[in-house]
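Coordinates in review
Here's the letter readout for the chains.
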Amino acid sequence: QMRTLAREVVYKYLFSRSFNGEDPSLYRSLSAESKLDEEGKKFADSLLKCIIKNNDEILSVIEGIVEGYKMERIYTADKCSLIMGIAELTYFDTPTAVVIDQVVSLSGIYSTDKSVDFVNAILAKYAKDHK
């Protein structure tokens with residue numbers, strides 16, 4: 001499904017951005033490599049713009065949920081998953097189960113075994129408290 005690929009593009013870009021800062025040419029390359037169609041590209045663009053625009057708010061939501069964890073102690077890959085999941089749950093009308101499933105599956109691919117449970121728990125708690 002095209003939105004699955006779009007989320008993966010945004011995830012990879014967020015991960016790179018954590019270390020290297022903004023790089024529009026990398027984002028364009030990732031989009032081209034993944035062969036996103038017009039709808040997929042539009043979704044990826046709007047998700048990324050949403051994350052950039054609401055970054056501070058999204059991070060403070062995550063900080064509020066991960067009590068006892070310092071943000072800098074969360075794996076970068078997991079932080080990217082959480083940022084993306086919170087953004088989509090908050091600002092898009094995608095069904096909650098779809099968002100959580102997709103983001104958790106990206107964690108399973110790109111992070112650790114423990115990450116899947118961690119990301120799932122945080123997003124489920126957010127969804128329960130804020131929907």
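In the block above lies the structure referred to throughout.
Below is a short write-up of the structure. Bear in mind that the values here come from a model prediction, so they are computed numbers and not experimental data.

Focus on the overall build of the protein
What the protein contains, in helices and strands, is seven helices and zero strands. The linear arrangement of helices and strands in the protein, starting from the amino end, is α-α-α-α-α-α-α. Over its C-alpha atoms the protein spans a radius of gyration of 14 Å, differing by no more than 12% from the 14 Å that the globule rule assigns to 131 residues. For the C-alpha atoms alone, the extent of the protein along its principal axes is close to 40 × 30 × 30 Å. In the protein, which comprises 131 residues, the proportion classed as buried is 44%.

Structural notes on the nonpolar core
In globular proteins that are soluble, nonpolar side chains generally tend to be buried together. Ranked by size, the top nonpolar core spans 41 residues in total, and within it V10, L14, L47, I51, I62, M84 and L123 carry the most contacts. Contributing elements (two or more residues each) for this core: α1 (2-20), α2 (24-33), α3 (38-53), α4 (55-65), α5 (76-91), α6 (96-110) and α7 (113-130). Top element by residues in this core is α5. It accounts for eight residues. Setting aside chain neighbours within four positions, we find M84 in contact with R7, V10, Y11, L14, L47, I51, V103 and L106.

Digging into the packing of aromatic side chains
If you walk through the whole model with that rule in mind, you get four aromatic pairs. When the ring of F43 is compared with that of F92, the centres are 5.7 Å apart and the planes differ by 70°; the resulting orientation is edge-to-face. On the criterion of sequence distance, the pair formed by F43 in helix α3 and F92 in the loop between α5 and α6 is long-range, its members being 49 residues apart. Judged by its relative accessible area of 4%, F43 falls in the buried class. Using a relative accessible area of 18% as the deciding quantity, one classes F92 as buried.

Looking at the side chain of D78
Along the chain, D78 falls in helix α5. Buried within the structure, D78 lacks any salt-bridge partner; its nearest side chain of opposite charge belongs to K79, at an N-O separation of 10 Å. Setting aside its immediate chain neighbours within four residues, D78 contacts S111, S115, F118 and V119.

Notes on the state of the cysteines
Here, the word disulfide means a covalent bond between the sulfur atoms of two cysteines. Scanning the model with the defined rule gives zero disulfides in all. With no disulfide of its own, C50 lies closest to C80 among cysteine sulfurs, the gap being 15 Å. A residue is classified by how much of its surface remains accessible, and C50, at 10% relative accessible area, is buried.

Comments concerning α2
For α2, the full list of buried residues reads Y27, L30 and S31. Down the axis of α2, the smallest arc covering the buried residues is 100°, so these residues share one side. In α2, the exposed positions that point more than 90 degrees away from the buried face belong to R28, A32 and E33. Immediately beyond the C-terminal end of α2, within one or two residues, lies K35, with a positive phi of roughly 55°.

Rules behind the numbers
- Each chain has its residues counted from 1, running along the sequence as written.
- Totals for whole chains, interfaces and linings use every residue, but because this is a predicted model, local features are given only for residues with pLDDT of at least 70 and side-chain atom pairs only at 80 or more, for both listing and counting.
- With hydrogens and water set aside, each side-chain value is computed from the structure's full complement of heavy atoms.
- Only DSSP runs of H or I covering at least 4 residues are called helices, and only runs of E covering at least 2 are called strands; the numbering of each starts at the N terminus.
- In this description the radius of gyration comes from C-alpha coordinates, and the expected globular size is given by 2.2 Å times residues to the power 0.38.
- The cut-offs for exposure are 20% and 50% of the maximum accessible area for each residue type, with area from a 1.4 Å probe on protein chains only; residues under the lower value are buried, those over the upper are exposed, and the others partly exposed.
- Each nonpolar core is a collection of buried residues, namely Ala, Val, Leu, Ile, Met, Phe, Trp, Tyr and Cys, held together in the definition by side-chain atoms within 4.5 Å.
- Residues are treated as being in contact if the distance between any of their heavy atoms lies within 4.5 Å.
- Each Phe, Tyr or Trp ring (for Trp, its six-membered ring) is paired with any other whose centre lies within 6.5 Å, and the angle between the two planes then decides the class: stacked below 30 degrees, edge-to-face above 60, tilted in between.
- Within this scheme the basic residues Lys and Arg register as positive and the acidic residues Asp and Glu register as negative, but His and the chain ends are omitted.
- A pairing counts as a salt bridge when a side-chain nitrogen of Lys or Arg comes within 4 Å of a carboxyl oxygen of Asp or Glu.
- In what follows, a disulfide is any cysteine sulfur pair within 2.5 Å.
- Here the arc refers to the set of directions running from the helix axis out to each C-beta atom.

Keep in mind these numbers describe shape, not what the thing actually does.
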